[in-house]
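Fold and contact review
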Amino acid sequence: MIIGGSTSQDLAAKVANILGEKLCYVETKKFPDGERYLKVNGPVEDEVTIIQSTAYPQDENILELLFLIKTVKDLGAKRVKVVMPYMGYARQEKRFNPGEAVSARIVAELIECAGADEFITFNIHEKCVLDFFSIPAKTLSAMPAIAEYVRDDDEKPLIVAPDKGAYHFAQEIAHILDSECTYFSKVRLGPDKVETRIVDVRCDGADEETVNVDAVKGKKVVIIDDIIATGGTIVNAINILKQHGAKSVDVCCVHPILVNGATARIYEAGANSLISTNSISSDTSRVSLADIIAEELKD
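So, here's what we can say about the structure. (Residues numbered from 1 in each chain as written. Predicted model: local features only at pLDDT ≥ 70, side-chain atom pairs only at ≥ 80, totals over all residues. Heavy atoms only, no water.)

Moving on, we come to the pattern of salt bridges. A full pass over the atoms with the stated rule returns 15 salt bridges. A salt bridge links Lys-70 to Asp-74; the shortest N-O distance between them is 3.8 Å. Linking Lys-70 with Asp-74, this pair stays in helix H2 (residues 58-74), spanning four residues, or about one helical turn. Given a relative accessible area of 45%, Lys-70 falls into the partly exposed group. Overall, the relative accessible area of 56% leaves Asp-74 in the exposed class. Its salt-bridge partner being Asp-117, residue Lys-73 comes within 3.2 Å of it at the nearest N-O pair. One end of the pair, Lys-73, is in helix H2; the other, Asp-117, is in the loop between helix H3 (103-114) and strand E6 (118-122), with 44 residues separating them in the sequence. Through salt bridges with shared partners, a single network forms among Lys-30, Arg-36, Glu-60 and Glu-64. (Salt bridge = Lys/Arg side-chain N within 4 Å of Asp/Glu carboxyl O. Helix = DSSP H or I, 4+ residues; strand = E, 2+ residues; numbered from the N terminus. Buried < 20%, exposed > 50% of the residue type's maximum accessible area, 1.4 Å probe, protein only.)

Written out as structure tokens, the structure is:
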């Protein structure tokens with residue numbers, strides 16, 4: 001049985017259709033005072049998979065997920081898998097300053113305490129978050145699906161990560177497409193001056209930060225990142241790519257948070273397109289995670 005929370009009903013329906021599984025409808029609404037009402041319509045089977053992303057409004061969507069987990073357990077489910085395509089609060093995986101809440105750990109503990117037996121997400125920002133669970137927890141990669149979307153039989157794109165932290169995403173896609181890849185390196189030139197440089201790195205080469213200003217000249221470029229929030233890093237990358245003669249720049253991400261006018265600023269910088277997965281429902285969602293989720297649930 002597949003249950004889709006209010007943020008992921010379309011995705012849940014696609015997964016259920018691929019697997020030929022029953023899709024259970026959930027009724028949700030708000031009372032005038034803001035409290036949430038939830039009702040599972042239909043009998044609950046022994047094994048249930050709940051698909052619910054927890055982007056904005058994170059607090060409401062996490063609470064709805066907790067209600068869903070506890071309710072299906074109360075109604076007789078013996079095993080509940082939680083598929084959270086995007087995990088809210090996952091970027092607060094440690095106490096950066098004294099007194100801060102380790103939000104990712106708290107969310108993980110709440111999910112487990114509600115009755116979840118297994119947790120699955122996509123391209124979690126910090127893998128150490130999975131260690132907060134004592135139940136089986138894993139992160140899947142959306143890169144194969146993104147790679148197939150950007151595949152161009154006429155011209156292999158250059159895959160670029162906006163920083164070294166995202167380089168492994170670029171490598172994964174480049175390997176699938178048999179393309180070249182590189183990343184941007186930030187070099188501190190002084191106390192108040194940082195320069196962003198294009199690094200001459202290839203999938204089959206050594207990981208050496210050798211600057212190559214001609215690495216992107218005349219090439220079709222695809223920028224890849226896990227999360228795009230305000231888009232500042234992406235805009236900076238587009239500007240540099242354009243300055244160095246990139247023929248075109250397309251931007252891809254797994255999780256399209258896209259706040260504070262990020263979409264408009266990315267297009268204004270010269271992006272040819274901005275696409276994402278449907279981990280979060282967005283106007284940019286062009287790549288479906290349904291096949292990857294369905295394949296995982298078969299195992």
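Spatial ordering of the open sheet is given by E3-E2-E1-E4-E5-E6-E7, a layout of seven strands whose pairing is mixed. Because the sheet does not close on itself, it has two edges, and the strands there are strand E3 (36-41) and strand E7 (137-140). Mean inter-strand twist for the sheet, computed between neighbouring axes without regard to direction, equals 20°. For strand E2 (residues 23-30) and E3, the ladder comprises six bridges, and the chain directions are antiparallel. Among the inter-strand pairings, Val-26 is bridged to a residue of E3, identified as Val-40. Packing of helix H1 (residues 9-19) onto the sheet brings it into contact with strand E1 (2-4), E2 and strand E4 (47-51), and relative to E1 it is tilted by some 165°. (Pairing = 2+ DSSP bridges. Axes fitted to C-alpha atoms, helices over the stretch in contact; angles between N-to-C directions. Contact = heavy atoms within 4.5 Å.)

Okay, helix H8 (residues 290-298) next. All buried positions along H8 are accounted for by Ala-290, Ile-293, Ala-294, Glu-296 and Leu-297. The buried residues of H8 all sit within an arc of 160° when viewed along its axis, so they share a single face. Residues of H8 that are exposed and point over 90 degrees away from its buried face: Asp-291 and Lys-298. Looking at the buried positions of H8, the neighbouring elements they touch are E1, H1, E4, strand E5 (79-84), E6 and E7. (Arc of directions from axis to C-beta.)

On to unusual backbone geometry, then. Cis peptide bonds are those with omega within 30 degrees of zero, and the linkage from Tyr-56 to Pro-57 qualifies with -5°. For Pro-57, the position within the fold is in the loop between E4 and H2. Of note, the phi angle at Tyr-89 is positive, near 75°, even though the residue is not glycine. Tracing the chain through its elements places Tyr-89 in the loop between E5 and H3. In this structure Tyr-89 comes out as partly exposed when scored by relative accessible area, which is 35%. With a phi close to 55°, Asp-178 is a non-glycine residue in the positive phi region. Tracing the backbone through its elements, the reader meets Asp-178 in the loop between helix H5 (167-177) and strand E9 (181-190). On the basis of relative accessibility, which here comes to 56%, the residue Asp-178 falls in the exposed class.

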